[in-house]
Amino acid sequence: MPDDTASPPPAMARCPGTSWDDLMASDTRGAPEFLKRDDYVDLGSEPLDVDRYINPDVFRAECEKMWPRVWQFAAREEELPDPGDYVVYENAGRSYLVTRQPDGSVRAFYNVCLHRGRKLRTEDGCAVDFKCPFHAFTWEIDGSLKDIPCRWDFPHLTDEKMQLPEATVARWQGFIFIREAEEGPSIEEYLAPLPEHFKDWHLEQCWTSIWVAKVVDANWKTTAEAFMEAWHTIETHPQLMDYLGDANTKYNLYGDHVNVALTPYITNSPHIPAGKLTEQEIADIAAERTGLDKMPGYERVIVKPGQTARQAMAEFNRQQYGTDLGYDVSGVSDTEMVDLFTYNVFPNFSPWGGRSLNIVYRWRPWPGHERCLMEVRILSRAPAGETPPRAVPMHLLGEHEAWADAPELGTLGFIFDQDMFNLPFVQEGMKASKNRKLELGNYQESRVRHFARTLDKYLA
């Protein structure tokens, strides 16, 4: 007879309590199939070496072997809506001018004068041409040579030779990507399965309404990985446990470049005793602690008899994020209206899916291996039939400013400060480590291990 009391194999172990699959089964509209599938992959239990975060040789290898070969999220379409608009995108020692062309296309030129090497631009803007502030060598916005002062002294420079070099550009759902390498997978292949998962979420209808960034005293991977699992909530964000199913998050891994954390929202953490809060109390606490109850025109979310707080909040969001903006979301599932779908695209891009809260994270070395720039964008959906407005400029917080000092973030600022408090000490602790190893959970930290394995493939 099989022993039903035996512990499951480590790769199969899951947190007890109401599971993600239980919630999908109770969805009032029926959850999409890809949110029901289990795409977890057992990646073993081997520890990670701290060298990948603290060794400058690893960072140099990333700059030489990884960054030139990956698709990088460089800009959103609404940052450069008009011909001549350009964004200066910089990362890992490279600098690019991501530029809107007269025909609506986007091209990315290396932001370097071909004469003496000065950067052509240091800030975003709009231009009729790119003139070097050093000697006035000038290029058209299509990268072709426009003028060389004292041209008589440069008979060896042809117009063809002086065309600004370009990076490869791709566009998807309002995001603009660049890649230094000319060859490699298409953006659809690289992002798979995002094109399928996001096809009904239409982030091209959205615009960057909030954009806050801060330099963090930690490696870019240290920082990114802090957002790859939800179970740190129990200690780092205890105020969320009344309405966030942290340890019952579902983790799926896809290919080399994409993974996702599917985190239940408007439901108890499994660490909260069952029955401690009523469904109405869960809805009320969520509205209070997220600042929802401070929104203009807010009316209390009432949980009807036989209804869960999640189902009631889904109905509220259908009105708030759908009907009021002119979209028909009457058939959209509860999970798409309330839950947190935190996708991660290797190496440094994290777009949230769903229909209610669409956050985008990006992490970049700043400029070396022990600091990084973390950016948080919130995308708002434009009313149906309207063109999304121009993106707001990035609000770069100062060294002594907290995320909570950015009023546009609301209660999210305090949550990010809770995360950031840990990271410098993680970076310092790894340098002081005796055994030089990081021991990871098999399931809840599987995205960290997945990320590390993909990086190792590029470095190899």
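Residues numbered from 1 in each chain as written. Predicted model: local features only at pLDDT ≥ 70, side-chain atom pairs only at ≥ 80, totals over all residues. Heavy atoms only, no water.

Chemist: Can you tell me about the overall build of the protein chain, naming the residues and giving the values?
Modeler: Per the secondary structure count, the protein chain includes 13 helices and 20 strands. For 460 residues, the compact-globule formula gives about 23 Å, and the C-alpha radius of gyration of the protein chain, at 24 Å, lands near that figure. The principal-axis extents of the C-alpha atoms in the protein chain amount to approximately 90 × 55 × 45 Å. By residue count, 53% of the 460 residues in the protein chain fall in the buried class. A fraction of 66% describes how many contacts in the protein chain between residues 6 or more apart in sequence connect residues 24 or more apart. On the protein chain, roughly 20,700 Å² of surface is accessible, and the fraction owed to carbon and sulfur atoms is 53%. If you average the places of the 48 positive and of the 72 negative side-chain charges in the protein chain, the two averages end up 4 Å apart. (Helix = DSSP H or I, 4+ residues; strand = E, 2+ residues; numbered from the N terminus. Rg over C-alpha atoms; globule rule 2.2 N^0.38 Å. Buried < 20%, exposed > 50% of the residue type's maximum accessible area, 1.4 Å probe, protein only. Contact = heavy atoms within 4.5 Å. Areas by Shrake-Rupley, 256 points an atom, 1.4 Å probe, with all protein chains shown as cover. Lys, Arg positive; Asp, Glu negative; His and termini not counted. Charge placed at Lys NZ, Arg CZ, Asp CG, Glu CD.)

Chemist: So, the nonpolar core: which residues are in play, and what are the values?
Modeler: Where a protein is soluble and globular, its nonpolar side chains tend to be buried together. Core analysis: the biggest nonpolar cluster contains 101 residues, and Met-66, Phe-175, Phe-177, Tyr-343, Tyr-361, Met-374 and Trp-403 have the highest contact counts within it. Looking at this core, the element that brings in the most residues is helix α13 (residues 446-459), giving six residues. Apart from the residues lying within four places of it in its own chain, the contact partners of Phe-177 are Trp-71, Gln-72, Phe-73, Ala-74, Thr-168, Val-169, Ala-170, Trp-172, Ile-187, Leu-191 and Phe-349. Counting 18 residues, the second largest nonpolar core, distinct from the first, contains Leu-97, Ile-148, Phe-154 and Leu-164. (Core = buried A, V, L, I, M, F, W, Y, C linked by side-chain atoms within 4.5 Å.)

Chemist: So, the sheet that holds strand β2 (residues 72-76): which residues are in play, and what are the values?
Modeler: Strand order in the open sheet formed by seven strands is β2-β11-β10-β5-β4-β3-β6, with antiparallel pairing between adjacent strands. Of all the strands in the sheet, just β2 and β6 (125-126) have a single pairing partner and so form its edges. For strand β5 (residues 106-110) and strand β10 (residues 166-172), the ladder comprises two bridges, and the chain directions are antiparallel. Note on β10: the bridge partner recorded for Phe-109 is Glu-166. (Pairing = 2+ DSSP bridges.)

Chemist: Let's hear about helix α10 (residues 309-322): which residues, and what values?
Modeler: An ideal rise of 1.5 Å per residue puts 20 Å on 14 residues; α10 measures up with 19 Å between its terminal C-alpha atoms. Burial runs high along α10: ten of the 14 residues are buried. Those residues of α10 not exposed but buried are Ala-309, Arg-310, Gln-311, Ala-312, Met-313, Ala-314, Phe-316, Asn-317, Arg-318 and Gly-322. On its buried face, α10 is in contact with α1 (20-25), α9 (279-290) and α11 (334-338). (Expected span 1.5 Å × (residues − 1).)

Chemist: Give me helix α12 (residues 412-431): which residues, what numbers.
Modeler: Its 20 residues place the ends of α12 30 Å apart at the C-alpha level, agreeing with the 28 Å of an ideal helix rising 1.5 Å per residue. By the burial criterion, the buried members of α12 are Gly-413, Ile-415, Phe-416, Gln-418, Asp-419, Met-420, Leu-423, Gln-427 and Met-430.

Chemist: Provide a residue-level description of the environment of Arg-14, including the pertinent values.
Modeler: Structurally, Arg-14 is set in the segment before α1. Separated by 235 residues in the primary sequence, Arg-14 and Thr-249 have C-alpha atoms spaced 9.5 Å apart. Those residues in contact with Arg-14, other than ones at most four positions away along the chain, are Asp-38, Tyr-40 and Tyr-443.

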